[in-house]
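If you want the building blocks of each chain, they are given just below.
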Amino acid sequence: MCGIVGVYLRQDACLPILVAGLRVLEYRGYDSVGVGVLQGPEVVVRKRAGRIEELEKALGQGDLSDASIGIGHSRWATHGAPTDDNAHPHTDVAGRVAVVHNGIIENYLEMRRELEEKGVVLSSETDTEIIAHLIAEELDCGVALDQAVHRALGRLQGYYALAVLIGGDRPQLVCARKGPPICVTATEQGAFLASDALALLPHGREIVFLEDGDVAVLAPASITVRDADGRVVERPARRIDWDAQASDKGGWPHYMLKEIHEQADVVGRCSKGRVNLARGAVELGGRGFTDHELRKIARVQFLACGTALHAALVGRYMLEGLAGIASDVDFASEFRYRQPVLSPQTLAIGVSQSGETADTLAALRLAKELGCSQLAICNSIGSSMVREADSSILIEAGPEIGVASTKAFIGMLVAVYLFAIRAGRARGVLSEKAARGRLEELHKVRPYVERLYGEDMSARVEGLARRHVKAKGFLFIGRGVNYPIALEGALKLKEISYKHAEGYPAGEMKHGPIAMIEPEMTTVVLASNDAVASKVRQNIEQVRARGGPVICVGSDAESMAVADEAVEVPEVGPWLSPLLNVIPLQLFSYFIARELGCDIDKPRNLAKSVTVE
Ligand code: M6R
């Protein structure tokens, strides 16, 4: 979704920094891009529909090279088509104020009418433009920019992260937050802001995340934050140790492939320091739950979207099986508009890579209002979910750039597994010995994960992808803990190859989907050697009896023997087969999408982090 960058340098040129920052944020998805800089006292805006290359053409040969203060934005259209006019920054009529904005202004039609009645001519269809005009109105009353921003924001309903630039004799750079994230860092050379900490890492590792209602004024070596009541406040800086290289492609053709190959490391990092094998214990640290609190949990309500929801579905099996806690999973977007009935003994677990997904965040807030305690299982250290939840477990996947989530999914599975063992021990469901056994199984998984994207396996899956790329459609089926993996396999394929794919619990096949089976429809079956293996075998037979080709992925030798083609996956403990089975499916989607020439890291219409509804 949209991205914001901003910089106030003591002397150097800001444009290269703005453009580099926008490049870092490209992975989030966008359809237009722009910058606003100060040239002397003048605000100069350049913006274009399309990619950053279009903007670079518009920037031409260095006429803005002496500007040292500026803001930049990559837009993912919500109000108005992706055109030059609708791209950010937006300015007021006099061109004194430039604004870039992430989020949605809900009362913008009303504000737009009010401005038009006063004779203001608006030049875009966006909700953002009105912010520039409202700030200008407040400035006309003679207040300072941060106060003008504060007052203008008081007239708005909705959610925003924004950066504001003002020209004139006293240039100023301000940012504000209510909802979507914005973070800042300062050095002797300058001050920097961005909607994503990744864009700040080249400038500093001590990052301050604004809280809702904050307005910050930036200047070289200085950041002054005021809270919603206008009081100057100190916001703690968090150190982000992510390797700057981690967001590079590092020689890989696509981020997705690189991230698939990082999954063994994610298993290691997510378990590191949390597993005490000698005591058969999991130590999660931070603001964790006490044994007493874990014993009081009557129910778990998972809330998530997309791939994170599939991890939550696996989590349900883990929490029920390992900790004896009844668990439900809901689409965050559905939960928030139901009238959910939850007792205060319910633990709401939000699962999210970004920690900023609007629906998951809103669902967790609703659970909080209903009196539930909340746990965030998340990849982003300073994210809203981590800051707002009672407790959090970081999945330690490192920056995930590919829109298709891969390594974060593995991290989520490991984190939920550890939490389930922790809760199982606290509740007396798992003995020390049993917990140790489960933890040893996790330890064994790591080399298997690595093997599954090794050369042999990649070549095998690539061959499968070539043979099946022309299929009319794909059905993914699985049972038990591998049913969510069928959903995940279908989602991965859909989102990066645009092939029609459906995920189903295998037992549901004969209640409808079996009608689709024909020679042009490929069925991918998850078949682990577990309690439901014989049932899955029956499903394979049913598909084959109707002429449908079957690819079997898993550890059940008998299933592999009856399938047309198979990808053998090592056998592991009952809750860990999803960690392995998903990897050939990720590779399968990748190779199909590559065969079809798709834009793998930036699939059409998708954004990495969905911060609006
Ligand atoms: O950041 P989150 O994990 O909350 O994101 C949730 C979904 O938007 C995300 O998993 C999406 O489905 C991915 N594109 C899947 O690959």
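Residues numbered from 1 in each chain as written. Predicted model: local features only at pLDDT ≥ 70, side-chain atom pairs only at ≥ 80, totals over all residues. Heavy atoms only, no water.

Details of the overall build of the chain
- Within the chain one finds 19 helices and 27 strands.
- Over its C-alpha atoms the chain spans a radius of gyration of 26 Å, differing by no more than 12% from the 25 Å that the globule rule assigns to 613 residues.
- Viewed in the frame of its principal axes, the chain has a C-alpha envelope of about 80 × 55 × 45 Å.
- The buried share of the chain, reckoned over its 613 residues, is 60%.
- For the chain, long-range pairs separated by at least 24 residues make up 71% of all intrachain contacts whose partners lie at least 6 apart in sequence.
- Put simply, the chain shows about 23100 Å² of open surface, and 48% of that area lies on carbon and sulfur atoms.
- When the 68 positive and 79 negative side-chain charges of the chain are each reduced to one mean point, those points stand 5 Å apart. (Helix = DSSP H or I, 4+ residues; strand = E, 2+ residues; numbered from the N terminus. Rg over C-alpha atoms; globule rule 2.2 N^0.38 Å. Buried < 20%, exposed > 50% of the residue type's maximum accessible area, 1.4 Å probe, protein only. Contact = heavy atoms within 4.5 Å. Areas by Shrake-Rupley, 256 points an atom, 1.4 Å probe, with all protein chains shown as cover. Lys, Arg positive; Asp, Glu negative; His and termini not counted. Charge placed at Lys NZ, Arg CZ, Asp CG, Glu CD.)

Here we look at the packing of helix α13 (residues 407-426) against helix α14 (residues 432-452)
- It is at 10 Å that the axes of α13 and α14 come closest, and there the two elements cross at 170°. Classified by the angle between their axes, α13 and α14 sit roughly antiparallel to one another. Together, V414, Y417, L418, I421 and R425 of α13 and E432, A435, R438, L439, E441 and L442 of α14 make up the contact between the two elements.
- Class assignment of the residues belonging to the contact of α13 with α14 gives a composition of seven nonpolar, no polar and four charged. (Axes fitted to C-alpha atoms, helices over the stretch in contact; angles between N-to-C directions. Parallel < 35°, antiparallel > 145°, perpendicular 65-115°, else oblique. Nonpolar A, V, L, I, M, F, W, Y, C, P; charged D, E, K, R; others polar.)

Side note on the pairing of strand β27 (residues 565-568)
- Alignment of strand β26 (residues 550-554) against β27, held across four bridges, turns out to be parallel. The residue of β27 that forms the bridge with V553 is V567.
- Handedness of the β-α-β unit built from β26, helix α18 (residues 557-562) and β27 comes out right-handed. (Pairing = 2+ DSSP bridges. Right-handed = clockwise from strand over helix to strand, strands pointing away.)

Quick word on the nonpolar core
- Ranked by size, the top nonpolar core spans 98 residues in total, and within it I349 and F419 carry the most contacts.
- Per element, the largest residue contribution to this core is 15 residues, and it comes from α13.
- Each of two domains, domain 2 (249-453) and domain 3 (454-602), supplies a minimum of three residues to this core.
- Filtering out sequence-adjacent residues up to four positions away, F419 remains in contact with L284, F289, L294, L319, L347, I349, L375 and I393.
- Core analysis: the second largest hydrophobic core is formed by 33 residues, L25, A197, L200 and I240 among them. (Core = buried A, V, L, I, M, F, W, Y, C linked by side-chain atoms within 4.5 Å. Domains from an automatic or database assignment.)

Observations regarding the domain arrangement of the chain
- When the domains of the chain are assigned, the result is domain 1 (3-241), domain 2 (249-453) and domain 3 (454-602).
- Look at where the C-alpha atoms of domain 1 and domain 3 centre, and you get two points 45 Å apart.

Considerations on the site of the ligand
- Taken together, 13 residues lie around the ligand, and S352, Q353, S354, T357 and E495 are the ones closest in.
- With respect to the ligand, the backbone of Q353 contributes an N or O atom lying 2.6 Å from an oxygen atom.
- Taking a 2 Å distance to the grid points as the criterion, the majority of the atoms of the ligand fall inside the largest pocket.
- For the shell around the ligand, the secondary-structure elements that each account for two or more residues are α9 (306-323) and α16 (483-497).
- Of the residues forming the shell around the ligand, the biggest block, three residues, is contributed by α9. (Near = heavy atom within 4 Å. Polar contact = N/O pair within 3.5 Å; in protein donor to acceptor, adjacent residues only side chain to side chain. 1 Å grid on protein atoms, 1.4 Å probe; cavity = no way out; pocket = protein on both sides within 12 Å on 5 of 7 lines; lining within 4 Å. Sits in = over half its atoms within 2 Å of the grid points.)

Quick look at empty space enclosed by the protein
- Applying the stated criterion to the full structure yields nine cavities of 30 Å³ or more.
- Of the volumes computed, that of the largest cavity is approximately 290 Å³.
- Per-class residue counts for the lining of the largest cavity are 10 nonpolar, eight polar and five charged. (Points joined across faces, edges and corners; volume = space filled by probe spheres on them.)

Side note on the packing of aromatic side chains
- The full count for this structure, using the stated rule, is two aromatic pairs.
- When the centroid spacing of 5.8 Å and the interplanar angle of 75° are considered together, the rings of F474 and F588 count as edge-to-face. Of this pair, F474 sits in strand β23 (residues 473-478) while F588 sits in helix α19 (residues 577-595), and the two are 114 residues apart along the sequence. This pair shows no difference in class: F474 is buried, exactly as F588 is.
- Seen from their ring centres, Y590 and F591 are 5.3 Å apart, and the 75° between their planes marks the pair as edge-to-face. For the pair Y590 and F591, one class covers both residues: buried.
- A cation over an aromatic ring shows up here: R51 above the ring of Y30, its NZ or CZ 5.2 Å from the ring centre.
- A cation over an aromatic ring shows up here: K178 above the ring of Y159, its NZ or CZ 5.8 Å from the ring centre. (Phe/Tyr/Trp six-rings, centres within 6.5 Å; stacked < 30°, edge-to-face > 60°. Lys NZ or Arg CZ within 6 Å of the ring centre and 35° of its normal.)

A closer look at the environment of Y417
- As for its position among the elements, Y417 is in helix α13.
- Residue classification places Y417 among the buried positions, given a relative accessible area of 0%.
- In the structure, Y417 is positioned 23 residues away from E440 in sequence and 12 Å away in space, judged by C-alpha atoms.
- When near neighbours in sequence (up to four residues on either side) are disregarded, Y417 contacts M318, L322, R438, E441, L442, W575 and L576.
- One polar contact links the side chain of Y417 to the main-chain carbonyl oxygen of R438, over a distance of 2.9 Å.

Here's the deal with the sheet that holds strand β25 (residues 521-526)
- Judged by pairing direction, the sheet is parallel, and its five strands sit side by side in the order β24-β23-β25-β26-β27 without closing on themselves. Looking along the sheet, the strands with just one partner apiece sit at the ends: β24 (501-505) and β27. Within this sheet the neighbouring strands show an average axis-to-axis angle of 20°, counted without direction.
- The sheet contacts of α16 involve β23, β24 and β25, and relative to β24 the element is tilted by about 175°.

As for the side chain of N102
- Considering the arrangement of structural elements, one finds N102 in strand β6 (residues 97-105).
- Overall, N102 belongs to the buried group, its relative accessible area being 4%.
- A distance of 3.0 Å separates polar atoms of two side chains, one belonging to N102 and the other to H73.
- Residues contacting N102, with those up to four places away along its chain left out, are C2, G3, I4, H73, Y159, Y160, A161, P180 and S195.

A closer look at the state of the cysteines
- Evaluation of the coordinates by the stated rule reveals zero disulfides.
- Cysteine C14 remains unbridged, with the sulfur of C175 as its closest cysteine sulfur at 16 Å.
- Take C14: its relative accessible area is 0%, and that puts it in the buried class.
- In this structure C175 is not part of a disulfide, and its nearest cysteine sulfur, from C183, lies 8.9 Å away. (Disulfide = S-S within 2.5 Å.)

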